[in-house]
Amino acid sequence: MTHLNLSFAAAGPADMGYRATRQVPGHGHGHRYHQQEEEEDEYYFDKWDILPKDLPVIVLLVFATFAAAALLRTILKETKMPILVFIFFVGVALGLIDRFASELEIVKTIASIDPVLFIHTFSPAIIFSAAFDMDFYIFRKSIWQLVHPTYNQFQTPVWDLHCFVGFIWKRDTVLLLAVPGFLVNSALLAFLTFKLNKFDGSFDYCMLFGVILSTTDPILSVASVKNIGLSKILINLIKGESLLNDAISIIIFEFHRDLSRRQHKEMILEFLTKMFLKCFASAVFGFLSSRVTLCWLKYIFNDGIVEVVLSFSTVYLIFYIAEQLGMSGIIAVCILGLLLDSVSFSPGVDLFLYKFWAMLTFLAHVLLYLIMGIVITHKTILHVKSPLSFFIITVYLSLNLVRAMVVLALSPFLSHVGYGFNWRWGAVIVWSGIRGTFSFNMALALSQEKFQHEKDTSTSVQILLHSGIASLLTLIINSTTVKKLVMALGLCSFTLPKRMALHNAVQRIRQIEANTFSMLKLDRFLADANWEMAEEAIQMEYPFRLDSEEISNLSKTLKCQECDADTTFERNPQQIADLMEEARLRLLTAQMASYRKQYSNGILNQDAAQTLIGAAESYVDIKGKFMNIHEVKTYWESKGFLVTLKKWLTDWVYNVKEEKSKPSRNKILKMCREVVFMDEFECMSTIVTFLNSVPIILNFMGSVSSVFLPQLRMMNYYFLGLYTLEAILKALAMGRTYIYHHWNLFELLIVVLGFIDIMITSLFKSVSPSTQVIAAIEVFQAIRLLRLLRLLKHVIPKAIYLLDTQINKQLTFRYDIAKGYVQGEEDIKGVIGQIAGHERVYSEISKILETNKQEAMKELGLMQREYPEIVIAVKTKQAVQTVLNAAYETLKFMISGGIVDRNEGTELHKVILKKKKQLAMLPPRIAPATAEELLRNVIWLQNEKNHIEYIQKKAQILYYDYGGVICEEHEQPGGIYLIVSGMTKLHGSAPRYGVDKEHYLQTHPAGIPYTDYLATGAIIGELNCLTNQEMEYTVTCETAVQTCFISIDDLLEAFDTFLDEPSLEYKIWMKIALDVAVKTFKENYPDKNWAEKLCMQFSNMYVTDVPNHTKCDIYNGTMDDVILVHGTVQDCQTLQRYAAPHILPKLCHQVQGTAPITKLLVIKTADTILRKNSGMYSVSQQYHATARRMGHATLTAASETEGESQSTLNTNLEHMYVSSTNSRWEQMH
C-alpha cells in the first residue's frame, strides 16, 4: 500500500521546484538533456539567489484551492449548483494535465494518498460537525428509548453510562434505517451489479460496491434542505441515519473485504469481537471522552481560543485513539459531538465555535473533492470502457430506486417508533441521500491495495471510477432538486398560522421603521434630507403577506348594536387552535433563547441551562402542551438517594440520645474520662485496628495460617484484650451515656463476638473435626472482619462531608432550574403579543404562562423555607455575578468609546475575570440574615445610620402561623411588613399604581386573578403607605412567617424627621420607581437588557412629581427616557392620556398631571449635575407628603389653586430649589 510522503523527499528538490522536469520519451540524449537543464537551473538560481528553490508546491495547491472555493462561493452564491462540483472538475483538470500534457509530481503524490491518512484527516471534522450541530433531544428520541422505568424524559446530556446500553435493546427510527436498512440496501445493489455481470462476475466485489454506494454524507445530505423550513425532526433523522450508516459501512466493508480474502480463521469469534469493539466499546469510549472533556472545560474560564483548540484537538485525538484500539473512531466522535453542545463551553464561545467547525467542514469537503477529482482521473483514465455511460446511469438510477424500496419496506415499522413516519418523509430521505466522504474513502482504500493479479487491480479501479461518478451525480442532481421535491410535497409550505405570525413580525418591523423616521426628522443634522426618497428606498416587499380574505378567515370585526364597540366573531375554531399551536412552538423557542441568554449572563449554571433547554425541547412534539414547573422538577426529585444516605450516616454518628450526667468525683473514673477524651486515645485506637488487620488477612491465607496458627491465635487474644480494655475505659469514663452512642454499641458487639469466637474455638479444640465444626469456626473467623469496620469511624464524617457537598450542588441545581424558569417566563411575557396573532390566543397563553409562573414562584418560596442557607448562597453568587457583569459591560463601553485604552482594558478585564473565578470559592451555605441585618440591607435605609437606628427602635417582630392573614384587601394600610422568614401569598386585585379604577378596567380587562408570592427580604405595603390608599390584595401565609413591622404612624413620623435630601420618603419612591421601570421595560422591550442599562444609569435618574392639573416639560434635550411610574398624565399636544406604568413616547414634550399623585422616573442623557428643573422633586415631594396627611380632598384643591398659573408655580419651585445643594443626592448613589 502506498503512503503519502509529506516531506516529498522521494520527488526530489528539483521536481518540487518551480519547473517540473521530465525525460522526453524517445529522445536519444535524454540524460544529457536532463543534466543540461539542471546546470541551467543551478546557474539561474546562483545568479538570482533571492529566489528560493525548494518551495512545497502542495501548500500552494491547498491554499489556491481554498481561494478558488471562496471565489466560487462568492460568484455562485445565487446559483443552485454546488461549488464542490467545480472543485471536482478542477481536480479532473489537474489529473488530465499530468496524464497528457506535463507530468506533475504533486498530482502523482496526491493520487497515491494513503486511505488511512485520508480518513484520519477528513472524517473527524465532518462527523463531529454533523453531530455537534444536531438537536440532541430529537436525536435521542429517534435512536433509543430507554427501558429503565426511572429514566426521566427531560434529562439532558448529563447522562449516566446506562444511557448507552439502552439503544442495544430498543429499535428505533434511525437504527432501523442505519442497520437493517443499510444491509438490505447494500445486498440489493450487490445483487443488481452481479446480475449485470459487472466486475468479472465476482460477488465479493459486487458486495463491496454495494456497501460503498449505500453510505451517505451527513453534511451534504442536509445541506440543501437545512434552511428552507423543513421539520427539524426530519433533518435530524436524515443526519442521524447518515452518521450511523457511515460507521456501519466502514465495519461491514472491512469485515467483508477481509472475509473475501479468507483472512478470518475463527470468523464468528472475530466478528463478535469486532462488533463489540466497534459498537459498544466505541460508544462507551466516546461517552467517557465527553465526560473528561467537560471536566476539562470547567477549569477553562472564558478563554475562547483554548476552548476551540481543545475541541479541535480532542476530536482528532479521540478518533485516532479509538481507531488505534480497534474501535470505531466515527462512533466515538459522534457520541462526543452529541454530548457536547453550546452550553458546554463558556458563554459567548458558542457562536465562534459553530463558525469554526463550519469553516473546517467546508475546507475539508473542498480538499476532499479536489483529491477525488485528481485520484479518479489519474487512476481510471486508462480503464474507461465504452459502455461506461450506460452503466453509470444504471447505477445512479439503481441506488435511488433500491433506497426507495428499502424505505418503503421499512415504513410500517418506522411509523410506530420515534416520531412516526410518512411517505413524504420517506421520499425526502431517499432523494437527499448524497454520497460523498465515506463512499470515496472506501473506494480509494480498495484501489490503493496491492493485488497479485492484474484482473483484481482493474476491478478495484473500476469500482473507484463508478462509485466516484455516481457520488458526483447525486451531488449534481439530487442536491439541486431536493428543495423542489420538498416544496412539491408541501413539507415546507407556510401554513396560515405561520404566515400570520410572520405577518405580525413584519408589522412590528414596519412600525419600528416608522418610529425611526419620526425620530430622525427631529435630528438637526438630517433636517434637510429628502425624506420622500428615503421612505421609497426602504420600501421592501416582505414575504408571507396576508391578503384581506385570509385575515377575514381568522376573525371578523363587527359593531356591537348596543355600545357601538368592536367585537370579534371567530369563524373557524380550528384555525384558532392552529394559531395557538404555532404560538406555543414559538414560545418554546423564546424560552430556550431566554435560558441560553441567562447562561451567557452567568445567572444559570451549565447543568441547569442544559436541563431547561432539554425540557423545553421535549415539549416541541407534545401538541398543546406548555412547559410547567411541576413536570420539570421531576428531574431533581428523582435524586433523593444521597439525602437518605446522608441522613442515615448522620443519625448513626451524631444522633445520640441526650443524657445529663455529672462528672464523677472518683479520681479513677475522673482519670479514665480524661484519658478517653484525649485525641491521642482515638489515634491509638485507630492504630490498633490497623495492626489487627494484618493477622486477620493472614488468617484467610491457608498456607500461612497453617504454619503460624499459634502465633495468630495469640495475636487474636492480644487484640481482643485491647478492644476489651478500650470498652471498659469508655464505660467507666462515660457512665450511663456509654450505651447511647452507636459506635460504642458496635465496639461492644465486636468484643462480645470475639469472646464467643474464643469459646467456640476452645470448645471444639478437643472434638474431632467435622464439616459442621469447621464451618462454625470459619464463620466466626469471617466475623473478625467486622473489626476493620472500626476504621469507618473516621471515614464516615468525611463521607458525610462529601455527601453534603454533593447535596448542596443538587439543591443549588434545583433552585437554579426554578429561578431560570421564572426568569424565562418573565422574558417571554413581553413577546406574547408579537407571537399570538389573535386576541383569544393572547388571552389563553397569558393565563397559562401567568399560572405557570406563579406555581414556580411558589416552588421558589418553599425551597427558601426548606433550604434557606442554600438559597441565600445561590442568591449571593447571582448578585456578585450580576455586579461583575455590569462592571464588564461598563468596561466594554469605555473601551469602545476610547475612554480606556485597549491594553489597559485588558488588564482591568483580567481583574474582573479573576473575581468571577473566585465565585466558586464562596461557601455553599450562608446563614440567613437576622431582622436587623435585613433592615440594614433595605435599599432606602442603606448607609444611613440614623435612619436605621430610628426604624429599629420603632419596628416590631410579628409572627404568623400557616394560613394566617397579614392584611386584607380593601382595608387601610397599617404599615409596612419586612418578611424575615417564610413565604406569603398575595391574591386579589393587581396594583393600579394610582390609576382610577374606571380607567384601569378599560385598559386592563378582568382576566387572571392577581397572584404573587413573596419570601424573605420582600416588603409589603410600601406604595400603599406612601399614597395612603387601601390595600388592593390580601396577604396570607403559605408557611410560618416572621415579619418586621413598621406602623404607618412611625413611618410618617420618620418622613417628617428625615427631610434632608435625599429624604427617606424620596428614597422609597425611588426604589418603587426603579422596580416599576424594570418591569415596564421588560414588557415593552423584551429584546433588550434594561436591568443593566438602569444599573449603569442609576446616578442619572431621579423621580419627579407632576401635581394634578400641572404641566411639566419632558424630553427637553436632557432626558433619555421618561417612565410614568404612578398616576396618569395627558399629552398637552395630542391630548392622549397615559396611565402608569408606561414609557412616555419621545414625541411627547409636555404632559399634564391628571391624578392626585403622579410620579415620573427621568433618566438623564449624561452623568452631570442635576439641572434646576430637576430640583422640583424635593419641594414637590414635601408638598405631597404634607397634603397626603391632610387628605386627598385638600390635595386636589391645593393642586387646582396652584395650577391656575403654571409659570408662577414653576418659578416658585425653582426659587425654592436654589437654596438647596446636590451633595446629599450624590451621597445617595
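Note that the structure is predicted; figures quoted are calculated from it, not measured.

A short note on the packing of aromatic side chains
Turning to step 1, where the next piece is worked out: Applying the stated criterion across every chain yields a total of 20 aromatic pairs.
Turning to step 2, where the next piece is worked out: Measuring from ring centre to ring centre gives 5.5 Å for Y950 and F1058, while their planes differ by 85°; the resulting arrangement is edge-to-face. Here Y950 is found in helix α41 (residues 945–954), whereas its partner F1058 is found in the loop between α44 (1048–1057) and α45 (1064–1084), with 108 residues between them in sequence.
Turning to step 3, where the next piece is worked out: On the basis of relative accessible area, Y950 is assigned to the buried category, the value being 14%.
Turning to step 4, where the next piece is worked out: Through pairs of rings, three or more aromatic residues link up here, namely F128, F132, F312, Y316, F345, Y354, F356 and W357.
Turning to step 5, where the next piece is worked out: Note that R73 overlies the ring of F362, its terminal NZ or CZ placed 5.1 Å from the centroid.

Here's the deal with a nonpolar patch on the surface
Turning to step 1, where the next piece is worked out: A contiguous nonpolar surface patch, about 380 Å² in accessible area, is contributed by I739, L745, L748, V752 and I756.
Turning to step 2, where the next piece is worked out: Summarising the element assignment, L745 is placed in helix α33 (residues 742–763).
Turning to step 3, where the next piece is worked out: Residue L745 is classed as partly exposed on the basis of its relative accessible area, which comes to 38%.

What about the confidence of the model for the protein chain?
Turning to step 1, where the next piece is worked out: In this model, the protein chain carries an average pLDDT of 76, and 78% of its residues clear a pLDDT of 70 or more.
Turning to step 2, where the next piece is worked out: Across residues 1–34 the pLDDT falls below 50, and counting only partners more than four positions away or on other chains, this stretch makes 49 contacts in the model.

What to know about the packing of helix α9 (residues 180–195) against helix α17 (residues 388–414)
Turning to step 1, where the next piece is worked out: Two elements in contact, α9 and α17, have axes separated by 9 Å at closest approach and are oriented at 145°. Between α9 and α17 lies a crossing whose hand is right-handed. Residues G181, V184, N185, L188, L189, L192 and T193 of α9 form the contact with α17, whose own contacting residues are F391, S398, L399, V402, R403, V406 and L410.

A short note on the packing of helix α38 (residues 868–896) against helix α39 (residues 902–917)
Turning to step 1, where the next piece is worked out: Closest axis-to-axis distance for the α38/α39 pair is 10 Å, and the angle between their directions is 175°. As far as their axial angle goes, α39 and α38 are roughly antiparallel. On the side of α38, the interface is formed by Q881, L884, N885, A887, Y888, L891 and I895, while α39 contributes R902, G905, L908, H909, I912, K915 and K916.
Turning to step 2, where the next piece is worked out: For the contact of α38 with α39, the class distribution of residues is seven nonpolar, four polar and three charged.

Observations concerning the nonpolar core
Turning to step 1, where the next piece is worked out: The biggest cluster of nonpolar side chains holds 128 residues, and the ones touching the most others in it are L230, Y369 and F440.
Turning to step 2, where the next piece is worked out: Element by element, the count of residues in this core is highest for helix α16 (residues 349–380), at 16 residues.
Turning to step 3, where the next piece is worked out: Once residues within four sequence positions are removed from consideration, F440 is found in contact with F118, I371, M372, V375, I376 and L464.
Turning to step 4, where the next piece is worked out: Counting residues in each nonpolar core, the second largest holds 61 residues, with C1025, V1103, A1140 and C1148 among its members.

The rules behind each value
- Residues numbered from 1 in each chain as written.
- Predicted model: local features only at pLDDT ≥ 70, side-chain atom pairs only at ≥ 80, totals over all residues.
- Heavy atoms only, no water.
- Phe/Tyr/Trp six-rings, centres within 6.5 Å; stacked < 30°, edge-to-face > 60°.
- Helix = DSSP H or I, 4+ residues; strand = E, 2+ residues; numbered from the N terminus.
- Buried < 20%, exposed > 50% of the residue type's maximum accessible area, 1.4 Å probe, protein only.
- Lys NZ or Arg CZ within 6 Å of the ring centre and 35° of its normal.
- Patch = residues over 30% accessible without salt bridge, like charges linked within 9 Å, V, L, I, M, F, W, Y side chains within 5 Å.
- Areas by Shrake-Rupley, 256 points an atom, 1.4 Å probe, with all protein chains shown as cover.
- Salt bridge = Lys/Arg side-chain N within 4 Å of Asp/Glu carboxyl O.
- pLDDT = per-residue confidence, 0-100.
- Contact = heavy atoms within 4.5 Å.
- Axes fitted to C-alpha atoms, helices over the stretch in contact; angles between N-to-C directions.
- Left-handed = near helix turned anticlockwise from the far one by under 90°.
- Parallel < 35°, antiparallel > 145°, perpendicular 65-115°, else oblique.
- Nonpolar A, V, L, I, M, F, W, Y, C, P; charged D, E, K, R; others polar.
- Core = buried A, V, L, I, M, F, W, Y, C linked by side-chain atoms within 4.5 Å.

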